[in-house]
Amino acid sequence: MIGFTIIWLLLSSSQDDSGVIMRPVTALWLIALPLMDMVAIMIRRIRRGDSPFHPDREHLHHICQRLGLSSRQTLFAICLLASMLTGFGLYGEIAQIPEPIMFYTFIACFVGYAISLSYIWRITRFVRAKLGQDIEPETVTLK
């Protein structure tokens, strides 16, 4: 219900003839991270032959937690990334960057995100190795 309400508000503020508040491409940037995450995961599931609606643990918050982030750190990281994408969209609206440039930039970000998800296991292993989290704890033997 929350997602439907947000989409309805974004569409009505970018499409209404009586008082358009923002351009449609700006609305796209305001929901960029959840939209990119959802679409990229659905594409991966379809390519694997799974249902696009089948649950799994490949969303961004699961990936962050596999990297060893706590729930709060995961929340902070996702909010920071979402805020950066939203901020860029608002900057584009205020600076009146042409819509095609804003749209193609969004598509480039999406492609980068989707490619990153394709290699997320390698990226996760690399980051965990750099953080020293791949080292197994010593086995404690009781005598």
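What counts and how
- Residues numbered from 1 in each chain as written.
- Predicted model: local features only at pLDDT ≥ 70, side-chain atom pairs only at ≥ 80, totals over all residues.
- Heavy atoms only, no water.
- Axes fitted to C-alpha atoms, helices over the stretch in contact; angles between N-to-C directions.
- Helix = DSSP H or I, 4+ residues; strand = E, 2+ residues; numbered from the N terminus.
- Parallel < 35°, antiparallel > 145°, perpendicular 65-115°, else oblique.
- Left-handed = near helix turned anticlockwise from the far one by under 90°.
- Contact = heavy atoms within 4.5 Å.
- Nonpolar A, V, L, I, M, F, W, Y, C, P; charged D, E, K, R; others polar.
- Disulfide = S-S within 2.5 Å.
- Buried < 20%, exposed > 50% of the residue type's maximum accessible area, 1.4 Å probe, protein only.
- Salt bridge = Lys/Arg side-chain N within 4 Å of Asp/Glu carboxyl O.

1. Some words on the packing of helix H3 (residues 32-48) against helix H6 (residues 99-118)
Here is step 1 of the chain: Between H3 and H6, the shortest axis-to-axis distance is 10 Å and the interhelical angle comes to 50°. As the angle between them shows, H3 and H6 are arranged oblique. The interaxial crossing formed by H3 with H6 has right-handed handedness. Along the contact surface, H3 presents Ala32, Leu33, Leu35, Met36, Asp37, Val39, Ala40, Ile41, Ile43 and Arg44, while H6 presents Phe106, Cys109, Phe110, Tyr113, Ala114 and Leu117.
Here is step 2 of the chain: Of the residues contributing to the contact of H3 with H6, the split by class is 14 nonpolar, no polar and two charged.

2. Overview of the state of the cysteines
Here is step 1 of the chain: Applying the stated criterion across every chain, the model contains zero disulfides.
Here is step 2 of the chain: The cysteine cysteine 64 is free of any disulfide, with cysteine 79 supplying the nearest cysteine sulfur at 11 Å.
Here is step 3 of the chain: For cysteine 64, a relative accessible area of 8% puts it in the buried group.
Here is step 4 of the chain: For cysteine 79, a relative accessible area of 40% gives the class partly exposed.

3. Digging into the pattern of salt bridges
Here is step 1 of the chain: If you walk through the whole model with that rule in mind, you get six salt bridges.
Here is step 2 of the chain: The salt bridge involving aspartate 56 is made with arginine 45; its shortest N-O contact spans 2.9 Å. Here aspartate 56, found in the loop between H3 and helix H4 (60-66), pairs with arginine 45, found in helix H3; they are 11 residues apart in sequence, far enough to count as distant. In terms of burial, aspartate 56 and arginine 45 fall into one category: buried.
Here is step 3 of the chain: The network of salt bridges with common partners includes Arg44, Arg45, Arg48, Asp50, Asp56 and Glu58.

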